[in-house]
There are 2 protein chains.
Amino acid sequence: MKNKEIKIGLLGLGTVGSGVWEILKNNAAAIEERSGIKFQIKKILVHDLKKKRSVDVPASLLTIQPNDILEDPEIDIVVELLGGILPTQNYILKAIESGKEIVTANKALLAEKSEEIFQKAYEKSVSVGFEASVAGGIPIIQSIREGFVGNQIEEMYGIINGTCNYILSEMTSRKADFHSILKEAQEAGYAEANPDFDVKGIDAAQKLSLLTWLAFGVLPHQGVYVEGIEKITPLDIEYAQKLGYVIKLLGITRKQEEGIEARVHPTMVPQDHPLARVNGVFNAVFLKGDAVGEAMFLGRGAGMMPTASAVVSDIIRAGLSRSVLKPVKPVFKSESMISMVSINELHSEYYLRFSVVDKPGVFGQIAGCLGEANIGIAAVYQKENEVDSKIPIVVLTHKTLEKNLKQALEKIEKLEAVLDTPTLIRVLAHSGNK
Amino acid sequence: MKNKEIKIGLLGLGTVGSGVWEILKNNAAAIEERSGIKFQIKKILVHDLKKKRSVDVPASLLTIQPNDILEDPEIDIVVELLGGILPTQNYILKAIESGKEIVTANKALLAEKSEEIFQKAYEKSVSVGFEASVAGGIPIIQSIREGFVGNQIEEMYGIINGTCNYILSEMTSRKADFHSILKEAQEAGYAEANPDFDVKGIDAAQKLSLLTWLAFGVLPHQGVYVEGIEKITPLDIEYAQKLGYVIKLLGITRKQEEGIEARVHPTMVPQDHPLARVNGVFNAVFLKGDAVGEAMFLGRGAGMMPTASAVVSDIIRAGLSRSVLKPVKPVFKSESMISMVSINELHSEYYLRFSVVDKPGVFGQIAGCLGEANIGIAAVYQKENEVDSKIPIVVLTHKTLEKNLKQALEKIEKLEAVLDTPTLIRVLAHSGNK
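Residues numbered from 1 in each chain as written. Chains lettered and ligands numbered in written order. Predicted model: local features only at pLDDT ≥ 70, side-chain atom pairs only at ≥ 80, totals over all residues. Heavy atoms only, no water.

## Considering the relation of the copies chain B and chain A
Part 1 of the reasoning: Between chain B and chain A, the superposition needs a rotation of 180° and an axial shift of 0.0 Å, giving an RMSD of 0.0 Å. Such a turn and shift between the copies fits a two-fold axis. Rotation axis and chain B: the residue whose C-alpha lies nearest the axis is B:F297, separated from it by 2.3 Å.
Part 2 of the reasoning: An overlap of 100% is found between the interface residues of chain B and their copies at the interface of chain A, pointing to a shared contact surface. (Least-squares fit on C-alpha atoms with pLDDT ≥ 70 in both. Contact = heavy atoms within 4.5 Å.)

See below:
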């Protein structure tokens, strides 16, 4: 029996597109053996036909006309690697309209427009693969949808931005400050010239939106609380170590009685938690299901080949889907049906660092404000023998409501002896691999 | 549109079967929403109709006649949770013959009979799901087959026996010996009354056979080298820590130029490797693909609900497959086509411990034997100030060929001052999450 042939149109031939080309070429025989399908890239949309490229693609495959792909009835799968919202959204909708399967790595678009895209795909009986959009080298989307399909997911959290994890890892291992490591990361290509999208947590928040949808059926358009890593200092990292923690930027989504929490912020991760050892550009996602218990996935979060590997996995799945599998009706619960929990309602332990004038009685004043708000203190570190007249006081709190803590911090900030805005870092709830 | 109904026959209602019943009952609505299929358990094969059970199953579903399931044309999926080779194999073949999808957790059967079972299933166009057979709580089989389908797997290794990992973890954290921890584990239900199947590495070897097939297409019937954990002593664990390692029972399968290595043995894992932190009954599998790079999966390897979660994932997949998806032709490369590499051809670093008479010149004799065989020494520890006349000497070698090392060890064992058979533990090749 001859194997089925499936034709692909690529939108974009940048880093990931070139990786997809390489994998489909180099591993063609293995892929055909495993899937029973012969995949062929028929057309590739590029900006510039004459640009010199790192991969050896025949010039005849390149086009600058999107419709050469979107309107070609022979093309079965459209792989979108352009990024951005417009005009990409229109290309995808047009491809769906023409009955083509979609594979995309575009988390920004999906975090905003999933409802429309998935609903349209369902109506047209085509699939939308987006494994590459979250933690490229980790098949986390497939695992949630299929491997853990029999579970109610209870919580999911992880390191989902490689740039931030690289910066925090280097700050930790080399006791260096944020700006100098960021500069190095930019020179090494691990961070963009404009790093805000990564270091402010926006990229992680888009990915967390998709994970929240997969876990709980809700795409939280406005509901993700975001805090970046710009304010983390070597001093906080040092205290974290003394207290038994490592600072990581985590995306956290959890089902609570009151609703769903979805938040991205620097987090104190216990040193014996498996996530504490995930360094450099690696990503890792930890989850808890009602049947399966705790599980963790670790892999490269970005980069040419890991992301391309995820895209190829989706292409093959789309090819099989094309042959036979009908998509399942997408479910998007509204944020009003399942309420999102505000960060102010969070119950957590907190790491607090105050910068104070070095004179007697200051800690007593701070402790007084915390005590009034009923916030228990688990540990205190106060640096002694400082030459400086300005010293840090570090407090680890017991579990408390964030709203109450913030009120107490407002009072503390107004104390005469307190010099700067207090630093607040949330502590990861203890669970996991024990 | 009404959702499709799929009927299931369960062979066995032990721990895992009861878990499957619970999940399909408790998460029925979510499963139907996610898959578009309504699953119903129609019949359950048991040994004893009157036995008191932990789950509330209607008596009308129970039968002691396998054919009530195997010959019922209404049953779409047969879920085999009996274990053992016979008569289980015949039940599975008969169910396939009748065109039923198969889900099984039976690693012993698959490690021996996969070729026959998968070939027959392919001929009958039915699927065989076996996610639960290796590392229950980790969707590793699905990830290799689909998530990493575009990759050539280069190596895969992991902790795939929870009993051994529990024993080694406890020995490490409590500095206790093998036999006392084994006894405790048996009392706590983490180890069987007859523990040989686990502690001698046989269970891990069966799982490694399946992983080797998934990664490289070869089912190594005789080719897995197996060594258990019975001989690991607290002394070795102590020295491992001093040298920067943790001792884990690993299953390792790697593609080398000369062929495929498949081996199960206690291994020195560097303390900064992600596997070093996987403790207790957790399993973890680390792999390297040519595109995706390094990835690791961690989860509960056994137990009622994690294993049942994997079975349910396979049931849902079989349901979808039933509706639409045709199985792919199974590939079994013969062991003669891709040669299996003998453990004697392994290149590795080694931890060696010698028990010697405490007198001058003994280490010189040992070093002489190693030197003659061209084996480089990376580190030596010799305990001083011992009251005993018998002292340990620990040697960490550079990379060397196992065959040469064994010849040298034979000579060393014959030295008058050497009291016992030397202890040999292989060191994990350095790679991974850096």
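## Focus: the interface of chain B and chain A
Many authors give the size of an interface as the accessible area that is lost as the parts come together.
Part 1 of the reasoning: At the junction of the two partners, chain B supplies 53 residues and chain A supplies 53 residues.
Part 2 of the reasoning: Buried area between chain B and chain A, both sides added, is near 4700 Å², and the carbon and sulfur share of it is 52%.
Part 3 of the reasoning: When residues of chain B are sorted by the area they lose upon contact with chain A, B:R34, B:V149 and B:R277 head the list and together hold 14% of the total.
Part 4 of the reasoning: On the surface where chain B and chain A come into contact, there are four salt bridges.
Part 5 of the reasoning: A salt bridge links A:R317 to B:E146; the shortest N-O distance between them is 2.4 Å. (Buried area = accessible area lost by both parts, 1.4 Å probe. Salt bridge = Lys/Arg side-chain N within 4 Å of Asp/Glu carboxyl O.)

## Observations concerning the side chain of A:Q89
Part 1 of the reasoning: Following the sequence through the fold, A:Q89 ends up in helix α4 (residues 88-97).
Part 2 of the reasoning: Those residues in contact with A:Q89 that sit more than four places away from it in its chain are A:L109, A:K113 and A:E116. (Helix = DSSP H or I, 4+ residues; strand = E, 2+ residues; numbered from the N terminus.)

## Describing the nonpolar core
Part 1 of the reasoning: Residues A:I140, A:I167, B:I140 and B:I167 are the most contacted members of the largest nonpolar core, which totals 157 residues.
Part 2 of the reasoning: Apart from the residues within four sequence positions on either side, A:I167 is in contact with A:F178, A:I181, A:L182, A:A185, A:V199 and A:I229.
Part 3 of the reasoning: Of all hydrophobic cores here, the second largest spans 33 residues; its members include A:W21, A:I37, A:V57 and A:V103. (Core = buried A, V, L, I, M, F, W, Y, C linked by side-chain atoms within 4.5 Å. Buried < 20%, exposed > 50% of the residue type's maximum accessible area, 1.4 Å probe, protein only.)

## Details of the domain arrangement of chain A
Residue and element names in this part refer to chain A.
Part 1 of the reasoning: Its domain assignment divides chain A into domain 1 (4-136 + 304-323), domain 2 (140-300) and domain 3 (346-427).
Part 2 of the reasoning: In this structure, domain 2 and domain 3 have C-alpha centres spaced 25 Å apart.
Part 3 of the reasoning: With 19 residues of domain 2 at the contact, the number on the domain 3 side is 16 residues.
Part 4 of the reasoning: For the domain 2 and domain 3 pair, buried surface summed over both sides reaches about 1500 Å², with 63% attributable to carbon and sulfur atoms.
Part 5 of the reasoning: Between domain 2 and domain 3 we count two salt bridges in total.
Part 6 of the reasoning: Residues R426 and E227 are paired through a salt bridge, measuring 3.2 Å at the closest nitrogen-oxygen approach.
Part 7 of the reasoning: The interface formed by domain 2 and domain 3 contains six residue pairs in polar contact (both at pLDDT 80 or more). (Domains from an automatic or database assignment. Polar contact = N/O pair within 3.5 Å; in protein donor to acceptor, adjacent residues only side chain to side chain.)

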